[in-house]
Amino acid sequence: MLTELRRIVESMAEANTLELALQALVSQTRLAMMVDCCSVYVSEPEMRRYRLAATDGLAESAVGKATLPFEQGIVGLVGQREELINLADAPSHPSFKFLPDVAEEAFRSFLGAPIMHQRQVVGILVVQQKESRLFDEGEESFMVTLAAQLAARIAQAQAKGWLQKTDWSKPLRGIAGASGIAMAKAWVWRPRKELNSITPRKDEDHARQLERLNVAVEEVRHDLESLALRFRESYSQDSVAIFDIYLHLLNDPGYIKPIRNKVSKEHWTGVSAVKLISDRLIDQFKGMKDPYLQERSTDVKDIAQRLISRLVQNEPEHIAIGEPVVLVADEVTATILAEVPREFLTGVVSLKGGTNSHAAILARAMGVAAIMGVDLPLGDIGGRMLVVDGYSGDLFIEPNQVILTEYRQLLSEERALDTLVRSVDNQPSETADGVPVSLLLNAGLSADTEISLNQLADGVGLYRTEIPFMLQDSFPSEWEQTARYRGILETYRNRPVCMRTLDVGGDKQLPYFPIVEENPFLGWRGIRLTLDHPELFLVQLKAMLRASEGLDNLAIMLPMISSVSEIKASRRLLDQAWREVSEEAASREAVIRYPSLGVMIEVPSALYILPEMAPLIDFWSVGSNDLTQYLLAVDRNNARVANIYDAFHPAVIRALQLLVDASHRYQKPVSVCGELAGDPVGVLLLLAMGYRRFSMNTHNIARIKYVLRQSTLSELTVLLTDGLKHDNPHVLRGLFARYLEEHGLGGLLRAGHKTKQTD
């Protein structure tokens, strides 16, 4: 039966919608098991019932209409028991419930399996037969295996609201791409010609085709430069850098030259050549494991669409909008977003993409609420009223008056809160009882590229140096790295800047240096990789040191440290790099200060070698995200176990307390640069534990500063003492959340809880 099982699973995966996937499932299962009927019921927890979602054997007219309460029928019994039920004569069973509309009178045998996802019943898979018999062990095993394969697909559909597409009384769910709330009518953008709708063809007049292609390339380049210029006037330089990536692609011989060759040597039309080469490059990016690099497939597609639009109809696409709108598209790109007049853009909804897409990055820079990866019917959405909740990822279509009133109130509160938060911009970073704190910036993350000066930041607590490496097609030279590092150090002149050395591997892969491992998170990554390649490590260290000349605000941090020997080896290489750079600087009568050297505490083994590490380093910083993941053995990006990830878990809290206590004992500065530091509840917990340095993304600094200025350390320490008595993460979190509410800061819980970042 293994071959049949594989065939069923593959047919489900190929289906474009859940409805088609379920229909393929029931039809092929019926054939594979040689039964008279196969059906799937999906759970509707809010209504406490199961709905018939697909069938091959029952009345087709009942699909989507027939329902059974959780407590009724044999289907309900399967759900209650959470186990397989095998009956030779189902109608004689006490729990049998007759449903006249489904036409199941002819069936006697019944085999039902619960479809379980994260300990919840999300549906029931049923096969039935007219003859009275018990199904054998092989058939039972087949059903259980099939139900397990089906679980994630149904759970995902339920989470995103796909099972109620036409029921707009409930929100559709997507990924929160940019925080905020938007309320306006939908304006749907569609490309002039879809890339996947093009059928490649040839044209013998390749000279004319090549000329048209070259003209189109220049026109698209001009369009991109104009968009970049418009953006440069309003937003940060790093947001403008997104358009530089587009221009780099357009100028890249590895992209344009093969397209020209397809025209001049193989005689494809210009449109066909763009499609053929772009499709190949898109597939390459989609095949990469790193989420940021996967999203670059969208950039290639965007450039290809623009080239094709110019080739098909030689004029730019002008977006004419004269009222506030929510931009909706199958795949919102940076260029589409930049073309919509900012004064009319209130929100963004993209059916594809995630938090690492350039559209999401720009939306955050622009302060526009955005939801990514939400499934909805584009053809029916234009002109309809939308409410976009960029905190939760909820999208309301044609909301009722209650929802509208609620969100108008939230929008009003958010504006008032923003005004209140900004009222303390010019005041010191300290608690209400005068305890000074440092608020630092996390910079260089793919989903948080803004490294422009944040006047509220006391410096940069974590600059991720891997991003320049990930954006290029080869290792950047020492001089390229020096120029980039110099720009950051100069931006934060007279403020500390902590640069983390190259941290690739795991979920951050370099396209030109692939690392294939069965378990990349426990493999060759971070300091392990750079110590194995001292030629790369030395170039980066020298680039950092050169960039710091005359500024003296550089600190260097080592990632993924798990042993003392790694620190000693890194220190030797830093000594070597400093000697070489210092000798050269001396010839110019310049001096380069030896930087502070610290480590990132994210591997649990580091917790137990702090006494040996302390004499070798100047500071340490806690990467709370990875430390939590490794302590709890949970990949929080894995939907099946993400609910177990909890930074308030007793083991994590004890590790955090151990680290801050050790910092006081050995007189080493300590900071937290994970998500916990930018969470209003988390930062109060950390403050009570003894932490005074917090590093976060630029959007959180103003709010965290306001929270700290309204909080009293003596009160927080009492809360911590009380919370630790319960040894329960929910109690501990609840105490600090209640503290925020009691001090009039409840509105920050919504924003703070939904704003995510990674180490």
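Residues numbered from 1 in each chain as written. Predicted model: local features only at pLDDT ≥ 70, side-chain atom pairs only at ≥ 80, totals over all residues. Heavy atoms only, no water.

- Labelled according to an unreviewed UniProt entry, the protein chain appears under the name phosphoenolpyruvate--protein phosphotransferase, originating from Aeromonas hydrophila subsp. hydrophila.
- In its Catalytic activity (unreviewed entry) section, the UniProt entry covering the protein chain states "L-histidyl-[protein] + phosphoenolpyruvate = N(pros)-phospho-L-histidyl-[protein] + pyruvate". (UniProt positions renumbered as here; feature names shortened; annotations may be inferred.)

## Re the overall build of the protein chain
Turning to step 1, where the next piece is worked out: The helix and strand tally for the protein chain stands at 26 helices and 22 strands.
Turning to step 2, where the next piece is worked out: Evaluated residue by residue, the protein chain yields a buried proportion of 56% over its 759 residues.
Turning to step 3, where the next piece is worked out: Long-range pairs, those at least 24 residues apart, make up 67% of the contacts in the protein chain between residues at least 6 apart in sequence.
Turning to step 4, where the next piece is worked out: Summing over all exposed atoms, the protein chain offers an accessible surface of approximately 31900 Å²; the carbon and sulfur share of this is 51%. (Helix = DSSP H or I, 4+ residues; strand = E, 2+ residues; numbered from the N terminus. Buried < 20%, exposed > 50% of the residue type's maximum accessible area, 1.4 Å probe, protein only. Contact = heavy atoms within 4.5 Å. Areas by Shrake-Rupley, 256 points an atom, 1.4 Å probe, with all protein chains shown as cover.)

## Some thoughts on the side chain of Glu566
Turning to step 1, where the next piece is worked out: Structurally, Glu566 can be placed in helix 18 (residues 564-586).
Turning to step 2, where the next piece is worked out: No salt bridge is formed by the buried Glu566. Its closest oppositely charged neighbour is Arg528, at 4.4 Å.
Turning to step 3, where the next piece is worked out: Here Ser562 takes part through its backbone nitrogen, which lies 2.7 Å from a polar atom of the side chain of Glu566.
Turning to step 4, where the next piece is worked out: Residues in contact with Glu566, not counting those within four places in the same chain, are Ile527, Arg528, Leu531, Met560 and Ile561. (Lys, Arg positive; Asp, Glu negative; His and termini not counted. Salt bridge = Lys/Arg side-chain N within 4 Å of Asp/Glu carboxyl O. Polar contact = N/O pair within 3.5 Å; in protein donor to acceptor, adjacent residues only side chain to side chain.)

## Topic: the pairing of strand 16 (residues 460-464)
Turning to step 1, where the next piece is worked out: Counted residue by residue, strand 16 has five buried out of five residues, so it is predominantly covered.
Turning to step 2, where the next piece is worked out: Sheet topology note: the strand 15 (residues 438-443)/strand 16 ladder contains three bridges and is parallel. Of the residues in strand 16, the one forming a bridge with Leu441 is Val460. (Pairing = 2+ DSSP bridges.)

## Observations regarding the packing of aromatic side chains
Turning to step 1, where the next piece is worked out: In the structure shown here, the tally under the stated rule is four aromatic pairs.
Turning to step 2, where the next piece is worked out: Measuring from ring centre to ring centre gives 4.7 Å for Tyr50 and Phe70, while their planes differ by 50 degrees; the resulting arrangement is tilted. Taken as a pair, Tyr50 in strand 2 (residues 49-56) and Phe70 in the loop between strand 3 (67-69) and helix 3 (73-81) lie far apart in primary sequence, 20 residues in all.
Turning to step 3, where the next piece is worked out: Residue classification places Tyr50 among the buried residues on the basis of a relative accessible area of 3%.
Turning to step 4, where the next piece is worked out: One cation-aromatic arrangement involves Lys202 over Trp268; the distance from NZ or CZ to the ring centre is 4.9 Å. (Phe/Tyr/Trp six-rings, centres within 6.5 Å; stacked < 30°, edge-to-face > 60°. Lys NZ or Arg CZ within 6 Å of the ring centre and 35° of its normal.)

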